Amino acid sequence: MHANIPVIVTRIIQETETVKRFTLTAKSKELLPAFSSGSHITTFLPTQTGMLERHYSLLNDPGEMLSSYDIAVQKSADSRGGSLYLHTAVDVGSELSISYPKNHFLPSFRARHHVFIAAGIGITPFLSMMAELSRAGKTFELHYAAKSREQCAFYAQLQRLYPDSCRFYFSADGPAARLQPVVMASQPIGTHVYFCGPEMMVSQFRAAAQGYGYPDKSVHFELFTPITPITRSPFVAELRKSNKSIEVGEQQSLLDALLQAGIRAPYSCRVGGCGTCAVEVLDGTVAHYDTVLTDSERAQHNQMMTCVSRAACEKLVLNL
C-alpha cells in the first residue's frame, strides 16, 4: 500500500457561496501521481475530534503533468466535521495529507456516446471525464441540476469549455425547469449514462435508466455518502479466524469497529460502491446497503461490505 502524500494548500477559490476549490501541491514540490478520469483522493483531516477521512474527486485534466491537484468541497449543513473543517480551518499554507488517487467511477471508452447527469457538488467527477473525452474526440453531454445560476459551481468554466454540450437546470426557476430522467430517452444505441449526486436522485435515475432499457453495464453512478441504513440496531461481530467478538454500536459502521479493534480490514471508498471491504459471512443475516452485490448475491447472506452493511440479527459470524 502506498504511503500518504504530504501536501500544502496553495490556492483557495470561492466557487459559490457554499463551494470552495482547493489547490493541493506536493510538499516535496515534485509532480503528483498520474490518475485516470473519475478518480478521487482521500484527504486526512486533523480535526479537534480526531482524524477524519473524506473523499473528493479530482477536478484536473488527467492528461496533464500535474504539480498540484484541485478538489472542490461543498460546505454541508449537516457536516460531520469534514467539509466544515476544510471551509473554516484550512487556509492557504495549511498542510494536509492525502492518499494516492483511486478510481471506482471510470468512463467507458467502449461507449458510443456519454450522458453525464449531475446534481449539486455531484458535478466534480465529470470535470476530469469531460476533459479526457474531449481530448479523445468522444461525444458527450452534461445535464447539470443546481438551485440557481449563482449556486451552480463551475458554470462559467463549463460554458467556456463545452458550450454546446452542457444544459443547466435551476430549481429556483420553478418545477418546469427541473432535471428529469427523460433526458436519457431517445439516446443512440451504445450510449452510457452516469449519475452523481444525492442518494435519492441517483436511485431515481438508475430506476429510470432500467425502465428505458439501458443494460446494467451501460449505467454508472457514484455516491459521495453511503446509503442511509434503515437498520441501526447494535450487534456483535464474531471473528472466527481472530477468535474475537466485537460490539458494533448503533451509529458505528462494522468497518470502524474492526479498525478500532486493531483488525486489518481492507477498505477504499467507504460508501459501499467498490467492493474492497467485502468479507465472508459464515452465519447470520445481513442488512445490505451496498451498491455492489446483486439481489441474488444479497439473498445468500454469505458476504457483506463492512463499510455500510449491518446485521439484521443480534450476531454475525465473519471469516476474519
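Since the structure is predicted, the reported quantities are computational estimates derived from the model, not experimental observations.

Peer 1: Give a detailed account of the packing of aromatic side chains, specifying residues and quantitative values.
Peer 2: Within this structure, the stated rule accounts for twelve aromatic pairs. For the ring pair Tyr-144 and Phe-168, a centre distance of 6.0 Å and an interplane angle of 50 degrees mean the geometry is tilted. One end of the pair, Tyr-144, is in strand β8 (residues 140-146); the other, Phe-168, is in strand β9 (residues 166-170), with 24 residues separating them in the sequence. For the pair Tyr-144 and Phe-168, one class covers both residues: buried. Three or more aromatic residues joined by ring pairs make a cluster, and in this case those are Phe-105, Phe-116, Phe-126, Phe-140, Tyr-162 and Tyr-194. In this structure, Arg-270 packs its charged tip against the face of Tyr-267, placed 4.6 Å from the ring centre.

Peer 1: Describe the pattern of salt bridges, with residues and values.
Peer 2: Enumeration according to the criterion identifies ten salt bridges in this entry. Between Asp-70 and Arg-11 there is a salt bridge, with its nearest N and O atoms 3.6 Å apart. Note that Asp-70 is positioned in strand β5 (residues 68-74) and Arg-11 in strand β1 (residues 5-14), a separation of 59 residues in sequence. Salt-bridge contacts for Arg-298 lead to Asp-290; the nearest nitrogen and oxygen are separated by 3.7 Å. On the basis of relative accessible area, Arg-298 is assigned to the partly exposed category, the value being 22%.

Peer 1: Talk me through the nonpolar core; I want residue IDs and the actual numbers.
Peer 2: Membership of the largest hydrophobic core comes to 29 residues, with the highest contact counts inside it found for Phe-116, Ile-123, Phe-126, Met-130, Leu-142, Tyr-144 and Leu-158. Looking at this core, the elements that each hand over two or more residues are β7 (113-119), α2 (124-135), β8, α3 (155-161), β9 and β10 (191-196). Of the residues forming this core, the biggest block, six residues, is contributed by α2. When residues no more than four places from it in sequence are discounted, the contact partners of Phe-116 are Phe-126, Met-129, Met-130, Leu-133, Phe-140, Glu-141, Leu-142, His-143 and Tyr-194. Within the second largest apolar cluster, 26 residues are counted, among which are Leu-254, Ala-257, Met-304 and Met-305.

Peer 1: I'd love a proper account of the sheet that holds strand β12 (residues 235-239), names of residues and values included.
Peer 2: Spatial strand order, β13-β12-β18-β14-β16: five strands in an open sheet with mixed pairing. Looking at the sheet topology across the chains shown, the edges are occupied by β13 (244-248) and β16 (303-305). Direction aside, neighbouring strands of the sheet carry axes that sit 40 degrees apart on average. Where strand β14 (residues 278-283) and strand β18 (residues 315-318) come together, two bridges link them in antiparallel fashion.

Peer 1: Quick one: what's the story with the side chain of Glu-222, residue by residue and with numbers?
Peer 2: By secondary structure assignment, the location of Glu-222 is in strand β11 (residues 219-222). No salt bridge is formed by the buried Glu-222; its nearest oppositely charged neighbour, Lys-102, is found at 10 Å. For Glu-222, the residues in contact, after removing those within four places along its chain, are His-40, Ser-57, Phe-105, Pro-125, Phe-195, Cys-196, Gly-197 and Val-202.

Peer 1: Outline the environment of Met-304, supporting the account with residue identities and numerical values.
Peer 2: Looking at where Met-304 falls in the secondary structure, it is placed in strand β16. In this structure the C-alpha to C-alpha distance between Met-304 and Val-90, which are 214 residues apart in sequence, comes to 36 Å. Leaving out residues up to four positions away in the same chain, Met-304 has contacts with Leu-254, Cys-277, Ala-278, Val-279, Val-281, Val-286, His-288, Ser-309, Arg-310, Leu-316 and Leu-318.

Peer 1: Requested: an account of the pairing of strand β2 (residues 19-26), with residues and values cited.
Peer 2: Counting buried residues in β2 gives eight out of eight residues, a clear majority hidden from the surface. Side-chain alternation along β2 places Val-19, Arg-21, Thr-23 and Thr-25 on one buried face and Lys-20, Phe-22, Leu-24 and Ala-26 on a second face that is also buried. Relative to β2, β1 runs antiparallel, the two being bridged by seven bridges. Within β2, the position partnered with Gln-14 by the bridge is Lys-20. Connecting the antiparallel pair β1 and β2 is a turn made up of four residues. The sheet contact formed by β2 and β5 spans seven bridges and is antiparallel. Paired with Arg-21 across the bridge in β5 is Ala-72.

Peer 1: Now, about the sheet that holds β7: what can you tell me, with residues and values included?
Peer 2: Across the sheet, which stays open at both edges, the five strands sit in the order β9-β8-β7-β10-β11 with parallel pairing between neighbours. Of all strands in the sheet, those with a lone pairing partner are β9 and β11, marking the two edges. Here the average twist between neighbouring strands, direction ignored, is 15 degrees. As paired elements, β8 and β9 share five bridges and run parallel to each other. Pairing of Leu-142 across the sheet is with Cys-166, part of β9. Seen against the sheet, α2 touches β7, β8, β10 and β11 and runs at an angle of roughly 160 degrees to β7. Packed on one face of the sheet, helix α4 (residues 199-212) meets β7, β10 and β11 and runs near 160 degrees to β10.

Thresholds, definitions, all that
- Residues numbered from 1 in each chain as written.
- Predicted model: local features only at pLDDT ≥ 70, side-chain atom pairs only at ≥ 80, totals over all residues.
- Heavy atoms only, no water.
- Phe/Tyr/Trp six-rings, centres within 6.5 Å; stacked < 30°, edge-to-face > 60°.
- Helix = DSSP H or I, 4+ residues; strand = E, 2+ residues; numbered from the N terminus.
- Buried < 20%, exposed > 50% of the residue type's maximum accessible area, 1.4 Å probe, protein only.
- Lys NZ or Arg CZ within 6 Å of the ring centre and 35° of its normal.
- Salt bridge = Lys/Arg side-chain N within 4 Å of Asp/Glu carboxyl O.
- Core = buried A, V, L, I, M, F, W, Y, C linked by side-chain atoms within 4.5 Å.
- Contact = heavy atoms within 4.5 Å.
- Pairing = 2+ DSSP bridges.
- Axes fitted to C-alpha atoms, helices over the stretch in contact; angles between N-to-C directions.
- Lys, Arg positive; Asp, Glu negative; His and termini not counted.

Without other data, these values stay purely geometric and don't point to any function.
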